[in-house]
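# Structure at a glance
Residue strings, one per chain:
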Amino acid sequence: MSAAIAPALPAETRAMPRLGTVLETAAAWLLGLVWVAPLLYAVWAAFHPTGYATRFDLTAPLTLANFVAAWNAAPFAQYFLNTVLLVSFVLAGQFVLCTLAAFVFARSASRLMGLLFALVLVQLMIMPDMLIVENYRTMRALGLVDSILGIGLPYVASGFGIFLLRQAFRQVPRELEEAARVEGCGTLAILLRVYVPLARPTYLAYGLTSVSYHWNNFLWPLVITNTVEVRPVTVGLAVFASTDQGIDWAIISAATLLSAAPLLLAFLLFQRQFVQSFMRAGIR
Amino acid sequence: MQGRARLHAWLMLAPAMLLLVAFTHYPAVATLWHSFFSTPRGARPSRFVGAANYAALAEDPVFWQAMWNNLIYALGTVPLSVGLALAMALWVNGKLRGRAALRMAYFTPTVLPMIAVANLWLFFYTPDYGLLDRITGALLGWGPTNWIGSRETALGAMMAIAVWKEAGFFMIFYLAALQAIPPVLHEAAAVEGASRARVFWRVTLPLLGPTTLFIVVNAVINSFRLVDHIIVMTHGGPDNATALLLTYIYDAGFRFWDTALASAATVVLLLLLGLLAAVQFLLLGRRTHYR
């Protein structure tokens, strides 16, 4: 309440800021500056000709040539397509499978279900990221090495997703379900018409965290892919930056920004939703 | 009717459970199994070797170096990223000028891919030309330093990146917890005439306890998991100075193709995580008892 009123007061009536507050503000801003510095540095390098990458000069000419050069130097269009396919496949799979499983867990209180749910929670600790050796063996046996399906499949049944959606479904009042049943809805219709719409904020929260996780994921895709046709952007960028050891910083910066741009732009545009979604996903 | 509902429940559960078992539980168990067999090479098939892989691990100085590095990595990144996250959350939640912009600045590293982050920081750390050397040169008069190329500084440089990447993410959890604290508590403390520091230590921090435990557990998991930047920036070098447990597993499994050794190392990693889960369970149990 008081925070909402304070700005309405005329400046003169506000107390002089204390020294401690000033120091704290300065520290907070200094930290903020340190936090954006690497990104700003890359933006500087990417938008100026190569010679200015290590020379700060406010009169330096702006250019998009580095982005063009980076785009032409590696098959980024293919990489982006692969990442988009991967992220869509994982997200769609997660929504369907986690919704179904969470629905069962939310409505059942039996001992067996409790045990199964504990097994689901194991994945919060032991993630597929750490089981790369064994999962690679499995993928080879299934013939899924070097395929989008192979990258995404270990993540589709997400323990975190089942957990989040179960929490959301448990908030749904039983009366709503009974009313729907009286109207003649079957189990699946109840799930789709009652539970899913009421859990919409949780879907948004989980969707955003999942998309940013899989857009950025690196180690497993690195292990399981070997060709341009399958590699996601992260692996493509790593290959690009390591093979081009001539180190043209301007072009590497441009490629780096390109690969991060879609998520970064989405974040800058929908900042509030992002932060609130991550917050919602974090409350357990 | 009852039977049909049960059948439906199992049908709805089956796809998720099947994939979960196939890619989390089965590999965890299979890793243990395979860690007792040799790596098949050419014409020689895999055979039972007992604890030989573990003996090989124990004799490998690089493995011990990786374990030691991982310990330092965890002890350095966990307290630092959690402490910074708390400071950030308090600042952003307070009445600071420009807190919306600050929140964005702190959170931005979270949405960047670790690989992009690695490239940004590679530039940052470049000897002589990099921003870091320019700052230390201008302020402290230091000469050029090969931050990621020398044994003394490489691990620290990797830890700084991890802290930078994680702190803003953990801030969000603290922010959510801070906003859930009823304002009445702070008002009551203010009426009692408690100082800001006292309110923080006696009211705010205890209420953030469960959040802190959650964040610390996640930070510890991340200290084993977040190795993308190390793999592209240093490959565990120089001279294994930045090798961690997961980079060791990656090297053993996918660069030297010694899957048996990699399986044994994975079992060590899983045991450490199991230990972490046990500690978390005990702490949580005591806390609820305390309440």
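Owing to the predicted nature of the structure, the values given are computational and were not obtained by experimental measurement. (Residues numbered from 1 in each chain as written. Chains lettered and ligands numbered in written order. Predicted model: local features only at pLDDT ≥ 70, side-chain atom pairs only at ≥ 80, totals over all residues.)

Here we take up the overall build of chain B. If you tally the helices and strands in chain B, you get 13 helices and zero strands. Listing every helix and strand of chain B by position from the N terminus yields α-α-α-α-α-α-α-α-α-α-α-α-α. A compact globule built from 291 residues would reach a C-alpha radius of gyration of about 19 Å, whereas chain B, at 24 Å, exceeds it by more than 25%. Reported as C-alpha extents along the three principal axes, the dimensions of chain B are approximately 80 × 75 × 30 Å. Counting every position in chain B, which comprises 291 residues, the buried fraction comes to 43%. (Helix = DSSP H or I, 4+ residues; strand = E, 2+ residues; numbered from the N terminus. Rg over C-alpha atoms; globule rule 2.2 N^0.38 Å. Buried ≥ 20, exposed ≤ 12 C-beta atoms within 10 Å, placed from the backbone.)

Attention now moves to the packing of helix 4 (residues 76–107) of chain A against helix 7 (residues 148–156) of chain A. The relative placement of two packed helices comes down to the angle between their axes together with the axis-to-axis distance. All names here are of chain A. Two numbers describe how helix 4 lies on helix 7: the axes approach to 9 Å, and their chain directions differ by 30 degrees. The angle between the axes of helix 4 and helix 7 places the two elements in the roughly parallel class. Of the two elements, helix 4 crosses helix 7, and the hand of that crossing is right-handed. Note on element contacts: helix 7 touches helix 4 through Ile148, Ile151, Gly152, Tyr155 and Val156, opposite Asn82, Leu85, Leu86, Phe89, Val90, Gly93, Gln94 and Leu97. Among the residues making up the contact of helix 4 with helix 7, the classes are represented as nine nonpolar, four polar and no charged. (Axes fitted to C-alpha atoms, helices over the stretch in contact; angles between N-to-C directions. Parallel < 35°, antiparallel > 145°, perpendicular 65-115°, else oblique. Left-handed = near helix turned anticlockwise from the far one by under 90°. Contact = placed C-beta atoms within 7 Å. Nonpolar A, V, L, I, M, F, W, Y, C, P; charged D, E, K, R; others polar.)

Below, the discussion takes up the confidence of the model for chain A. Taken residue by residue, chain A gives an average pLDDT of 84. The fraction at 70 or more is 88%. Contacts from residues 1–14 of chain A, a stretch scored under 50 in pLDDT, to residues over four places away or in other chains number two contacts. (pLDDT = per-residue confidence, 0-100.)

Our next topic: the environment of Val223(A). With respect to the helices and strands, Val223(A) occurs in helix 12 (residues 219–224). In this structure, the C-alpha to C-alpha distance between Val223(A) and Thr187(A), residues 36 residues apart in sequence, is 41 Å.

Nonpolar side chains in soluble globular proteins tend to be buried together. One finds Ala101(A), Ala85(B), Met171(B) and Ala265(B) to be the most contacted residues of the largest nonpolar core, which totals 171 residues. Those residues within four positions of Ala265(B) in sequence are excluded, and the remaining contacts are Leu57(B), Phe63(B), Leu245(B), Tyr248(B), Ile249(B) and Ala252(B). (Core = buried A, V, L, I, M, F, W, Y, C linked by C-beta atoms within 7 Å.)

Moving on, we get to the interface of chain B and chain A. Of the residues lining the interface, 69 residues belong to chain B; the matching set on chain A comes to 71 residues. Looking at the side of chain B that touches chain A, the elements with two or more residues in it are helix 1 (2–34), helix 4 (99–111), helix 5 (114–125), helix 7 (151–180), helix 10 (209–225), helix 11 (228–233), helix 12 (245–254) and helix 13 (259–290) of chain B. With 17 residues, helix 1 of chain B is the largest single contributor of residues to the side of chain B that touches chain A. Of the residues assigned to the side of chain B that touches chain A, the class counts are 53 nonpolar, 11 polar and five charged.

Here the focus is the environment of Ser147(A). Within the secondary structure, Ser147(A) sits in the loop between helix 6 (132–142) and helix 7. Ser147(A) sits 43 residues away from Val104(A) along the chain, and the two C-alpha atoms are 31 Å apart.

Turning our eyes to something else, we now look at the environment of Gly76(B). On the secondary structure map, Gly76(B) appears in helix 3 (residues 61–93). In the structure, Gly76(B) is positioned 12 residues away from Met88(B) in sequence and 18 Å away in space, judged by C-alpha atoms.

Moving on, we get to unusual backbone geometry. The phi dihedral of Asp146(A) falls on the positive side, at around 60 degrees, and the residue is not glycine. Within the secondary structure layout, Asp146(A) lies in the loop between helix 6 and helix 7. C-beta crowding within 10 Å serves as the criterion here: with 15 such atoms nearby, Asp146(A) is assigned to the partly exposed category. Backbone geometry places Asp239(B), a non-glycine residue, at a positive phi of 55 degrees. With respect to the helices, strands and loops of the structure, Asp239(B) is situated in the loop between helix 11 and helix 12. Among the residues examined, Asp239(B) registers 12 C-beta atoms within 10 Å and is labelled exposed.

This part is about the packing of helix 3 of chain B against helix 7 of chain B. All names here are of chain B. At a minimum axis distance of 6 Å, the contact between helix 3 and helix 7 shows a crossing angle of 40 degrees. Accordingly, the angle class assigned to the pair helix 3 and helix 7 is oblique. Handedness of the helix 3/helix 7 crossing: right-handed. Looking at the contact of helix 3 with helix 7 residue by residue, the classes come out as 20 nonpolar, seven polar and one charged.

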